[in-house]
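Remarks on the overall topology
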Amino acid sequence: IKRDERFTQITPEHVQFFRDLLGKESAVIDGVTAEVAADDMEPYNGDWMRKYRGHCKLVLKPASTEEVSKILKYCNDNMLAVVPQGGNTGLVGGSVPVFDEIVLNTSRMNQIRSFDDVSGILVADAGVVLEVADQFLAEKGYIFPLDLGAKGSCHIGGNVATNAGGLRLLRYGSLHGSVLGIEAVLPDGTIVDDLCKLRKNNTGYDLKQLFIGGEGTIGMITAVSVQCPQRSSAVNVAYLAVESYEKMQQAFKEARQQLGEILSAFELMDLRSQQLVQRVRSSKSPLEGEHSFYCLIETSGSNSDHDAEKLGNFLEDVMGKEIVADGVLAQDETQIRNLWSQREGVPECLGHWGGVYKYDVSIPLPDMYKLVDETREKIDAAGLRGDSDEFPVVDVVGYGHMGDSNLHLNVAVRRYDKRVEDVLEPFVYEWIAKVNGSISAEHGLGIAKKNYIGYSRSETMIALMKQIKNLYDPNGIMNPYKYV
Ligand code: FAD
Ligand code: 2HG
Ligand code: ZN
């Protein structure tokens, strides 16, 4: 792709405007008029996977909605392109510039605005770190309805902008349901004040939904109001070994039947994903021997003994029926954390060798794991996978949110290599289209999937999306080159 020449190059006058507006020295990282060490720009230009790299020379960190409004109005009037950025943990290259777009970072918008102890409704700035919000809620006996491995750095604004799914969607549902209101700024500076705190509100089109999963293409989210559930006082975790994907499906069905309303996560990991975690960490598996699949089951309820008994009975039952080969129940907080880390640590450990090709897909459960086997066969047939440095591919693994039919197909590589890419694409996308799956279950489109949206959406749907984009952002300054 080429830089869109409609966008203006940033000049010293532009920088001066932003300096005067934001005041504080640290709110502007200026590589336009001043020398900036490469290390200072890197966190904003490089993505989490080290796969995408922008060439931005100006980072702005507004501290209020009014400042965002003034920045965007100025950018729109002057045709300056902008990339909204939260914790920069996104996995589709959406949060970093492609060329010299200005990064609008939310890290200074980090205040919790209000919390209602009776309704559980939290109103907070977009730049509040997810884990910080959750810890705040924990003290009040509540929980943020989203949890994911990047919680220590991602921002709730970024979570909402990507409509992140995470580890407990099965229990708490999608952000499309739990986000009750949004405050956002449109590219022309208009402040959209829809920080609604009502559960029910059928008064016209629900426009906030466009910002949820909008990936910063129609406006900048500055605050959200979120319906937060009660935190469960009893959390139990089991880590199970299963011999086949067939049996894994039976285990899932039994878990839903037997654990019912206390089931809060059902996560799938194949053997290879777990072996790579243990190899990178030089750690041991929680279970003896090798099994084709593992799953992590979490229950959250209000009665610890009762829940533990239920989970224990479930384990006994599925082992008796030979659905599950082996299993362990966490006995305390530390063990709960250790078992979760076998699952949450997968993305980070897979990046250990240099890079990962990631496919975050929705596939009907019966077919879900076949994609991993077939992809591995293709990579092997092309002679690309092996233990030594001459092979680009370390391994092809599958894991993910089984409870939501969401698979993460990951190809861990020593370096990004065109030959690997040619085997994977469009093969993976065609495979998904064939089973009527989605090429992006929870990570979004960003730049990575932009060209492939047609595998999951019709011409009509794409045309409607483009109309929305043009309506909200007629100059196209918001996160250009991405999404649709
Ligand atoms: P960023 O990466 O900064 O931005 C993401 C996108 O949102 C970009 O397009 C950006 O332009 C836009 N954006 C950011 N802030 C705003 C804003 N205020 N207004 C408008 N647009 C904005 N995702 C899941 O769904 N489930 C998971 O289980 C999961 N686990 C993960 C585990 C790890 C280890 C990592 C690294 C990522 C994981 N993700 C997961 C990816 C997920 O998309 C992000 O972690 C998170 O939701 C992004 O938040 P962020 O603040 O880092 O956003
Ligand atoms: C997860 O579920 C995340 O761990 C990341 O969504 C998945 O890295 C991935 O492919
Ligand atoms: Zn995920």
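As a starting point, this report considers the structure included with it. (Residues numbered from 1 in each chain as written. Chains lettered and ligands numbered in written order. Predicted model: local features only at pLDDT ≥ 70, side-chain atom pairs only at ≥ 80, totals over all residues. Heavy atoms only, no water.)

Here Thr217 shows up in the loop between helix H8 (208–211) and strand E9 (220–227). Among the polar contacts listed, one links the side chain of Thr217 to the backbone oxygen of Gly214, at a separation of 2.7 Å. (Helix = DSSP H or I, 4+ residues; strand = E, 2+ residues; numbered from the N terminus. Polar contact = N/O pair within 3.5 Å; in protein donor to acceptor, adjacent residues only side chain to side chain.)

All right, on to a nonpolar patch on the surface then. Taken together, the side chains of Tyr205, Leu207 and Leu210 define a hydrophobic patch exposed on the protein surface, amounting to about 350 Å² of accessible area. Judged by its relative accessible area of 44%, Leu207 is partly exposed. (Patch = residues over 30% accessible without salt bridge, like charges linked within 9 Å, V, L, I, M, F, W, Y side chains within 5 Å. Areas by Shrake-Rupley, 256 points an atom, 1.4 Å probe, with all protein chains shown as cover. Salt bridge = Lys/Arg side-chain N within 4 Å of Asp/Glu carboxyl O. Buried < 20%, exposed > 50% of the residue type's maximum accessible area, 1.4 Å probe, protein only.)

Turning to the site of ligand 2, a few remarks are in order. Lining the immediate environment of ligand 2, one finds Leu91, Arg343, Pro347, Lys358, Tyr399, His401, His408, Asn410, Glu442 and His443. A distance of 2.6 Å separates an oxygen atom of ligand 2 from a polar side-chain atom of Arg343. For the shell around ligand 2, the elements supplying multiple residues, two or more each, are strand E15 (393–401) and strand E16 (406–413). (Near = heavy atom within 4 Å.)

What follows concerns the pattern of salt bridges. Under the definition given, this model contains 27 salt bridges. Among the salt bridges present, the one from Arg3 reaches Asp100, with a minimum N-O distance of 3.0 Å. Here Arg3 is found in the segment before helix H1 (12–22), whereas its partner Asp100 is found in the loop between strand E3 (82–85) and strand E4 (102–105), with 97 residues between them in sequence. The pair Arg3 / Asp100 is uniform in exposure class, with both members buried. The partner of Arg272 in a salt bridge is Asp395, with the nearest N and O atoms 3.2 Å apart.

What follows is about the coordination of the zinc ion (ligand 3). By definition of the ideal shapes, a tetrahedral metal site with four donors has angles of 109.5 degrees and an octahedral site with six donors has angles of 90 or 180 degrees. Within the first shell, the zinc ion (ligand 3) binds the protein through His401 (NE2), His408 (NE2) and Glu442 (OE), at distances of 1.9 to 2.1 Å. Summarised as a motif, the one-chain spacing of the donors to the zinc ion (ligand 3) is H-x6-H-x33-E. Here His401 is found in strand E15, whereas its partner Glu442 is found in the loop between helix H16 (427–434) and helix H17 (459–472), with 41 residues between them in sequence. Residue His401 shares its accessibility class with Glu442, and that shared class is buried. (Donors = N, O, S within 2.8 Å, 3.2 Å for Na, K, Ca; no water.)

In this section: the sheet that holds strand E10 (residues 234–242). Reading across the sheet, the 7 strands line up as E13-E10-E12-E11-E15-E16-E14 and stay open at both edges, with antiparallel pairing between neighbours. At either margin of the open sheet sits one strand with a lone partner, and together these are strand E13 (326–329) and strand E14 (355–362). For this sheet the average axis-to-axis angle between neighbouring strands, irrespective of direction, equals 15°. Of the pairings in the sheet, the one linking E10 to E13 comprises 4 bridges and is antiparallel in character. Counterpart to Tyr239 in the pairing with E13 is Val328. In the packing of helix H12 (residues 333–344) onto the sheet, contacts are made with E10, strand E11 (263–270), strand E12 (293–301), E13, E15 and E16, and the angle to E10 comes to roughly 50°. Of the strands in this sheet, E11, E14, E15 and E16 touch helix H14 (residues 370–381), which is tilted by about 170° from E15. (Pairing = 2+ DSSP bridges. Axes fitted to C-alpha atoms, helices over the stretch in contact; angles between N-to-C directions. Contact = heavy atoms within 4.5 Å.)

Locating Lys482 in the fold gives a position in the segment after H17. As a buried residue without a salt bridge, Lys482 has its nearest oppositely charged side chain in Glu101, at a separation of 4.8 Å. Apart from residues no more than four positions distant in its own chain, Lys482 is found in contact with Val83, Gly93, Gly94, Val96, Pro97, Val98, Gly446, Ile447 and Lys450. (Lys, Arg positive; Asp, Glu negative; His and termini not counted.)

Spanning 12 residues, H14 covers 16 Å between terminal C-alpha atoms, matching the ideal 16 Å at 1.5 Å per step. Of all the residues in H14, the buried ones are Leu371, Val372, Thr375, Arg376 and Ile379. Projected down its long axis, H14 carries its buried residues within an arc of 130°, all on one side. Of the exposed residues in H14, those oriented more than 90 degrees away from the buried face are Glu377 and Ala381. (Expected span 1.5 Å × (residues − 1). Arc of directions from axis to C-beta.)

Moving on, we get to the pairing of E14. Taking burial as the measure, the 8 residues of E14 include 7 buried ones, the bulk of the element. Bridge count between E14 and E16: 8 bridges; the pairing is antiparallel. Within the sheet, the bridge partner assigned to Val361 lies in E16 and is Leu407.

Ordered by their spatial adjacency, 4 strands build an open sheet running E1-E2-E4-E3, and the pairing between neighbours is mixed. Taken across any chain shown, the strands that pair with only one partner, and hence form the sheet edges, are strand E1 (28–30) and E3. With direction set aside, neighbouring strand axes in the sheet form an average angle of 15°. Pairing of E1 with strand E2 (residues 58–60), which is carried by 3 bridges, proceeds in the antiparallel orientation. Paired with Val28 across the strands is Leu60, a residue of E2. Contacts from helix H2 (residues 38–45) reach E1, E2, E3 and E4 within the one sheet, and its direction differs from that of E2 by about 65°. Running over the sheet, helix H3 (residues 65–78) touches E2, E3 and E4 and is turned about 165° from E4.

For the rest of this paragraph, the subject is the nonpolar core. Core analysis: the biggest nonpolar cluster contains 51 residues, and Tyr245, Met248, Phe266, Ile297, Ile363, Leu371 and Val420 have the highest contact counts within it. Counting residues per element, this core draws most heavily on helix H9 (residues 245–259), at 6 residues. Not counting residues up to four positions away in its chain, the partners in contact with Ile363 are Met368, Leu371, Ser405, Leu407, Trp431, Ile432 and Val435. Leu122, Leu146, Ile156 and Ile182 belong to the second largest nonpolar core, which has 30 residues in total. (Core = buried A, V, L, I, M, F, W, Y, C linked by side-chain atoms within 4.5 Å.)

What follows is about the site of ligand 1. The local shell around ligand 1 holds 34 residues, among which Pro84, Gly86, Gly87, Thr89 and Gly90 are the closest. At a separation of 3.2 Å, a nitrogen atom of ligand 1 approaches a polar backbone atom of Gly166. Notes on ligand 1: free accessible area 970 Å², of which the protein chains cover 97%. Only E3, helix H5 (156–162) and E9 provide two or more residues apiece to the shell around ligand 1. It is H5 that provides the largest number of residues to the shell around ligand 1, a total of 4 residues.

So, about the environment of Gly214. Positionally, Gly214 belongs in the loop between H8 and E9. Between the C-alpha atom of Gly214 and that of Gly446, which follows or precedes it by 232 residues, the distance is 9.8 Å. The residues touching Gly214, leaving out its near neighbours within four places in the chain, are Ala161 and Tyr483.

Take the packing of H14 against H16 next. Interhelical geometry of H14 versus H16 gives an angle of 150° and a closest axis separation of 11 Å. Between H14 and H16, the angle is such that the two are roughly antiparallel. H16 is crossed by H14, and the crossing has right-handed handedness. Seen from H14, the contacting residues are Lys370, Leu371, Glu374, Thr375 and Lys378; seen from H16, they are Phe427, Val428, Trp431 and Ile432. When the residues that make up the contact of H14 with H16 are grouped by side-chain class, the tally is 5 nonpolar, 1 polar and 3 charged. (Parallel < 35°, antiparallel > 145°, perpendicular 65-115°, else oblique. Left-handed = near helix turned anticlockwise from the far one by under 90°. Nonpolar A, V, L, I, M, F, W, Y, C, P; charged D, E, K, R; others polar.)

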